[in-house]
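Take a look at the letters that make up each chain.
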Amino acid sequence: MRDVIIACDFAGAEQALEFLDKFKDCPQKPFVKIGMELYYAAGPQIVRDIKARGHKIFLDLKMHDIPNTVKKTARVLSNLEVDMTNVHAAGTIEMMRAALEGLTRPDGTRPLLIAVTQLTSTSEERMQKDLLINASMEETTAHYAANAREAGLDGVVCSPLEAAAIKRRCGADFLTVTPGIRFAGAAADDQVRITTPARAREIGSDFIVVGRPITAAEDPVAAYQKCLEEFVY
Ligand code: C5P
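Here the structure is a predicted model, which means the values were calculated and not measured.

> Sorry if this is basic, but what is going on with the side chain of Asp3 here?
With respect to the helices and strands, Asp3 occurs in strand E1 (residues 3-7). In this structure, Asp3 is buried with no salt-bridge partner, the nearest side chain bearing the opposite charge being Lys56 at 5.8 Å. If near-sequence neighbours (up to four positions away) are discounted, Asp3 is found in contact with Gln28, Phe31, Asp206, Phe207, Ile208, Leu228, Phe231 and Val232.

So this is what it looks like as structure tokens:
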């Protein structure tokens, strides 16, 4: 099940498809994350186009609204045939349940649904000062993960540094999808809670989400292969 998901954070369809062209000779098409930037720029057609090229898709729109709105939005997304999508756990258990309901198609199938615990760009200090959450990062993310599990979700997005504690609390089959990945010795950019692909594997992540270390690499295919070697094989 372990896999590397490439965050296709591009400003338009043309750049995204041109980037993915580089992977056309790869034996297995990479799992691709479409986030807000690309989705808002290119709309649902980009999801269909990338899907038609044989990629699995994680649609990372981080829904966070009142339960009724999230349910109806999730119903629209269920028609897009993505493989994974997400909500913010901060939206409450009721909102997560509504998302799950909306996402489930009449035949009972649905994409994987995971919840964002705390963004990997948020430090414990900022969480406590800005969000007034007076608990540790580890306690907060494990609690949000437990809420997601209670709502029936498949897993969470979290820092690899929290994945082990979340697995202990929610069970080994509860998926951890972990961004904040950097190769040893590379710049952190705006990420705070980061680790290498190899370490993410040791800790027990199921999926790593890798953006700039692949998209901004001189040789993106080689950087992707390096992630696969460290994390999957
Ligand atoms: O370029 P980089 O590897 O930092 O990209 C990480 C990707 O994962 C971005 O698309 C970002 O939106 C996403 N993400 C994150 N932290 C979360 C959830 C999603 O960095 N908690």
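Having put the structure on the table, let's press on.
> Explanation requested: the pattern of salt bridges in the structure shown.
Any two side chains of opposite charge can pair if their charged atoms end up close together. Overall, the coordinates contain 14 salt bridges when judged by the stated rule. Close ionic contact of Lys33 with Asp60 constitutes a salt bridge, the shortest N to O distance being 2.6 Å. Placement of the pair is Lys33 in strand E2 (residues 31-35) and Asp60 in strand E3 (residues 57-63), with a sequence separation of 27 residues. Note on accessibility: Lys33 and Asp60 belong to one class, buried. Here Lys226 makes a salt bridge to Glu230, at a shortest N to O gap of 3.3 Å. Here the residue Lys226 and the residue Glu230 both occupy positions in helix H11 (residues 220-231), the gap between them amounting to four residues, near one helical turn.

> Mind showing me how you'd approach the environment of Asp189 here?
Of note, Asp189 is situated in the loop between strand E7 (175-178) and helix H9 (197-203). Taking the C-alpha atoms as reference points, Asp189 and Ser121, 68 residues apart in sequence, are found 9.5 Å from one another. Those residues within four positions of Asp189 in sequence are excluded, and the remaining contacts are Arg182 and Arg212. One polar contact links Asp189 to Arg182, side chain to side chain, over a distance of 3.0 Å.

> I tried to follow the sheet that holds E3 on my own but got confused; where do I start?
Working definition: the strands of a sheet are paired by backbone hydrogen bonds and lie parallel or antiparallel to each other. The eight strands are arranged E1-E2-E3-E4-E5-E6-E7-E8 in a closed barrel whose pairing can be described as parallel. Neighbouring strand axes in the sheet, compared pairwise and without regard to direction, differ in orientation by 25° on average. Bridge count for E1 against strand E8 (residues 207-210) is four bridges, and the pairing is parallel. Looking across to E8, one finds that Val4 is bridged to Ile208. Across the sheet, helix H4 (residues 67-78) lies against E3 and strand E4 (84-88), angled at about 165° from E3, the strand it touches most.

> Quick question: what am I supposed to make of the nonpolar core here?
Nonpolar side chains in soluble globular proteins generally cluster together in the buried interior. Formed by 63 residues in total, the largest nonpolar core has its most connected members in Val87, Met96 and Ile214. Top contributing element to this core by residue count: helix H5 (residues 93-103), with six residues. Residue contacts for Met96: discarding those within four places in its chain leaves Val87, Ala89, Leu113, Ala115, Asn147, Ala148, Ala151 and Leu153. Core analysis: the second largest hydrophobic core is formed by twelve residues, Ile5, Phe31, Ile114 and Phe207 among them.

> Can you help me understand the side chain of Lys33 in this one?
Classification of Lys33 as buried rests on a relative accessible area of 8%. Sequence-distant contacts of Lys33, that is, excluding residues within four places in its chain, are made with Ile5, Ile6, Ala7, Cys8, Asp9, Phe58, Asp60 and Val209.

> Got a minute to help me understand the site of the ligand in this structure?
Near the ligand, the surroundings consist of 16 residues, among which Asp9, Lys33, Thr120, Arg182 and Arg212 are the closest. Here Asp9 contributes a side-chain N or O atom positioned 2.7 Å from an oxygen atom of the ligand. Gly211 places a polar main-chain atom, nitrogen or oxygen, 2.8 Å from an oxygen atom of the ligand. Notes on the ligand: free accessible area 470 Å², of which the protein chains cover 88%. Elements with a contribution of two residues or more to the shell around the ligand: E8 and helix H10 (212-215). When grouped by side-chain class, the residues that make up the shell around the ligand number seven nonpolar, four polar and five charged.

> Would you take a moment to explain the pairing of E7 for this structure?
A regular strand carries its side chains on alternate faces of the sheet. Residue alternation in E7 divides its side chains into two sets, Leu175 and Val177 and Thr176 and Thr178, and both sets are buried. Taken together, the three bridges between strand E6 (residues 155-157) and E7 define a ladder with parallel strand orientation. Within E7, the position partnered with Val156 by the bridge is Thr176. After leaving E6, the chain enters helix H8 (residues 160-170) and then returns to the sheet as E7, a path that is right-handed. Pairing analysis gives two bridges linking E7 to E8, with the strands arranged parallel. Bridged to Val177 within E8 is Phe207. Between E7 and its parallel partner E8, the chain crosses via H9, and the hand of that crossover is right-handed.

Rules of the game
Residues numbered from 1 in each chain as written. Predicted model: local features only at pLDDT ≥ 70, side-chain atom pairs only at ≥ 80, totals over all residues. Heavy atoms only, no water. Helix = DSSP H or I, 4+ residues; strand = E, 2+ residues; numbered from the N terminus. Buried < 20%, exposed > 50% of the residue type's maximum accessible area, 1.4 Å probe, protein only. Lys, Arg positive; Asp, Glu negative; His and termini not counted. Salt bridge = Lys/Arg side-chain N within 4 Å of Asp/Glu carboxyl O. Contact = heavy atoms within 4.5 Å. Polar contact = N/O pair within 3.5 Å; in protein donor to acceptor, adjacent residues only side chain to side chain. Pairing = 2+ DSSP bridges. Axes fitted to C-alpha atoms, helices over the stretch in contact; angles between N-to-C directions. Core = buried A, V, L, I, M, F, W, Y, C linked by side-chain atoms within 4.5 Å. Near = heavy atom within 4 Å. Areas by Shrake-Rupley, 256 points an atom, 1.4 Å probe, with all protein chains shown as cover. Nonpolar A, V, L, I, M, F, W, Y, C, P; charged D, E, K, R; others polar. Right-handed = clockwise from strand over helix to strand, strands pointing away.

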